[in-house]
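Residue-level listing of the chains:
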Amino acid sequence: MSEKLGFIGLGIMGGGMAANLVRAGFDVTVWNRTASKMAPVTDLGASAAGSPREVAERSTVVLICVADTPDVVAVTEGPDGILAGLSPGSLVVDHSTISPSETRRLAGMAEEAGGSWLDGPVSGGSEGAELGTLSIMVGGEASDLERVRPYLDAMGKTITHVGPVGSGQMVKLVNQVLVVVNMQAACEALLLADAGGLDLETALSALTGGAANSWMLANRGPQMIVRDWRPGFTIDLQQKDIRLVLEAGDELGVPLPTTGLVFQLYRSLQHRGLGSEGQHALVKALEHMMGAEVGEAPE
Ligand code: NAP
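Keep in mind it's a predicted model, so treat the numbers as computed, not measured.

**Q** Describe the overall build of the protein chain, listing the residues and the values that go with them.
**A** Secondary structure assignment for the protein chain yields 14 helices and 9 strands. Rg of the C-alpha trace for the protein chain: 20 Å, near the compact-globule value of 19 Å for 299 residues, within the 12% margin. Referenced to the eigenvectors of the C-alpha coordinate spread, the extents of the protein chain come out at roughly 65 × 45 × 35 Å. Of all 299 residues assigned to the protein chain, the portion counted as buried reaches 53%. Within the protein chain, counting contacts between residues at least 6 apart in sequence, those at least 24 apart form 66% of the total. Counting every atom, the protein chain has about 13100 Å² of accessible surface; 55% of that belongs to carbon and sulfur. Side-chain charges in the protein chain split into 20 positive and 35 negative, and the spacing between the mean points of these groups amounts to 3 Å.

**Q** Give a description of the site of the ligand that names residues and reports values.
**A** Not every one of the 26 residues close to the ligand is listed here, only the nearest: N32, T34, K37, A67 and G232. Contact between the ligand and L10: an oxygen atom at 3.2 Å from a main-chain N or O atom of the residue. Note that an oxygen atom of the ligand is positioned 3.0 Å from one of the side-chain N or O atoms of R33. Alone, the ligand offers 910 Å² of accessible surface; in the complex the protein occludes 88% of this. Those elements giving two or more residues to the shell around the ligand turn out to be α1 (12–23), α4 (69–76), α7 (125–131) and α12 (235–252). Top element by residues in the shell around the ligand is α12. It accounts for 3 residues.

**Q** I'd like to hear about the packing of aromatic side chains, residue by residue, with values.
**A** In the structure shown here, the tally under the stated rule is 1 aromatic pair. Judged by centre distance (5.0 Å) and plane angle (90°), the rings of F26 and Y151 are edge-to-face. Taken together, the positions of F26 in the loop between α1 and β2 (27–31) and Y151 in helix α8 (residues 142–155) put the pair 125 residues apart, joining distant regions of the chain. No difference in accessibility class separates F26 from Y151, as the two residues are buried.

**Q** Account for unusual backbone geometry, naming residues and giving values.
**A** Glycine aside, the phi torsion of most residues is negative, and most peptide linkages are trans. At R227, a position not held by glycine, the phi torsion is positive, near 55°. Along the chain, R227 falls in the loop between α11 (215–225) and α12.

**Q** An account of the pattern of salt bridges is requested, with residue identities and associated values reported.
**A** Enumeration over the complete set of coordinates arrives at 15 salt bridges. With a shortest N-O distance of 2.9 Å, R147 and E3 are connected by a salt bridge. In this pair, R147 is assigned in helix α8 and E3 in the segment before β1 (4–8), connecting sequence segments 144 residues apart. As a salt-bridge pair, E146 and R149 come within 3.1 Å of each other at their nearest N and O atoms. Separated by 3 residues within a single helix, E146 and R149 lie in helix α8, roughly one turn from each other. Look at the salt bridges and you will find they share partners, linking D68, R243 and E247 into a network.

**Q** Mind laying out helix α14 (residues 283–290), listing which residues take part and the relevant values?
**A** Along α14, the positions that sit buried rather than exposed are V283, K284, A285, L286 and E287. Check the buried side of α14 and you find it contacts α9 (167–195), α11 and α13 (257–271).

**Q** Lay out α4 in plain terms, naming residues and giving numbers.
**A** Buried within α4 we find T69, V72, V75 and T76. In a view along the axis of α4, the buried residues occupy a sector of 130°, so they form one face of it. Of the exposed residues in α4, the ones pointing more than 90 degrees away from its buried face are P70 and A74. Positive backbone phi, at 85°, marks G78, one or two positions downstream of α4.

**Q** Run through the nonpolar core, naming residues and quoting values.
**A** In globular proteins that are soluble, nonpolar side chains generally tend to be buried together. Counting 32 residues, the largest nonpolar core has F7, M17, L21, V28, L63, V148 and L152 as its most contacted members. Sorting the residues of this core by element identifies β1, α1, β2, β4 (61–64), β5 (91–94), β8 (134–139) and α8 as the ones contributing at least two each. Considering every element that reaches this core, the biggest residue donor is α8, with 6 residues. Beyond its immediate sequence surroundings of up to four residues, L21 is in contact with L5, F7, F26, V28, L63, Y151, A154 and M155. Core analysis: the next-biggest nonpolar cluster, separate from the first, contains 29 residues, L190, A285, L286 and V294 among them.

**Q** An account of the pairing of β1 is requested, with residue identities and associated values reported.
**A** In terms of residue burial, β1 counts as a mostly covered element, since 4 of its 5 residues are buried. Taken together, the 5 bridges between β1 and β2 define a ladder with parallel strand orientation. Counterpart to G6 in the pairing with β2 is T29. Taking the sense of rotation as the criterion, the β-α-β connection linking β1, α1 and β2 turns out right-handed. Summarising the sheet, β1 and β4 pair through 4 bridges and their orientation is parallel. Across the sheet, the residue bridging to F7 is L63, located in β4.

Rules behind the numbers
Residues numbered from 1 in each chain as written. Predicted model: local features only at pLDDT ≥ 70, side-chain atom pairs only at ≥ 80, totals over all residues. Heavy atoms only, no water. Helix = DSSP H or I, 4+ residues; strand = E, 2+ residues; numbered from the N terminus. Rg over C-alpha atoms; globule rule 2.2 N^0.38 Å. Buried < 20%, exposed > 50% of the residue type's maximum accessible area, 1.4 Å probe, protein only. Contact = heavy atoms within 4.5 Å. Areas by Shrake-Rupley, 256 points an atom, 1.4 Å probe, with all protein chains shown as cover. Lys, Arg positive; Asp, Glu negative; His and termini not counted. Charge placed at Lys NZ, Arg CZ, Asp CG, Glu CD. Near = heavy atom within 4 Å. Polar contact = N/O pair within 3.5 Å; in protein donor to acceptor, adjacent residues only side chain to side chain. Phe/Tyr/Trp six-rings, centres within 6.5 Å; stacked < 30°, edge-to-face > 60°. Salt bridge = Lys/Arg side-chain N within 4 Å of Asp/Glu carboxyl O. Arc of directions from axis to C-beta. Core = buried A, V, L, I, M, F, W, Y, C linked by side-chain atoms within 4.5 Å. Pairing = 2+ DSSP bridges. Right-handed = clockwise from strand over helix to strand, strands pointing away.

Spelled out as structure tokens, the structure:
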């Protein structure tokens, strides 16, 4: 028999992930800080709780997908947090992208409460969350992963055990180096294609069929050429991830020059008030240098 699941954080990612759990027939209790965002998932059959603590009291497996490290701390600790309601033997799976060292601290607290913790950050964008095709990078005990594998299978296509607690977050930081460097490459490439007078849709079709393709080019390129800046992933959250990458690089003495450059370009966009736009609006930083714009907004 399946366990009682709890899901905390129904944003762009969590909303799609929780919906896929409900659609797969699991018993899911949800909580979101902004209560109105629970409606799409409760309409599918999930029940709503009044706090993270209540979710934990009603669940044997609690999944989290909130924004940043302090936000995971906020829903985990304190009188209304998950740990206050966690029963011995319960398991927490954190799908947010947060600090590996803070993850290890929170896992220790869950253990003290008689439970356990897996870090399971995800990759695959809002599209992957909606379609249930995410890649989930799991750190923690292998037996804990086997326990939750049926639930992760409902949300993802590639579920990989990458090592002890904290390793999932570390792999995700490595993932983010590739994401932002590919994003930067896609922006530079499309700006050059446009300046060279190419039809951008045709150029994209040729480029995505060859060795230069990337997820960013294939999924965000089409948005960029019609100047659609709606976020699958916001600049503010992308910047949070790069900060975690650069902190880890600093701690470990690893040079990350291109990642550092992208951090500075995103910072300039945040100063222009664009932090809530999609991460592909990175091209606007290059447009600013050039005094020209890529693509055309649809009429
Ligand atoms: P989002 O749409 O901004 O959603 C953030 C969620 O966190 C919302 O439910 C928000 O609640 C909640 N939250 C934030 N601070 C909170 C706090 N202090 N207490 C309680 N709840 C809080 O972000 P997202 O794109 O879904 O991203 C969620 C996580 O997945 C992040 O760690 C992100 O890095 C990671 N991720 C995102 C993507 C992507 O493509 N979007 C891909 C891979 C991984 P409210 O509704 O009340 O604001």
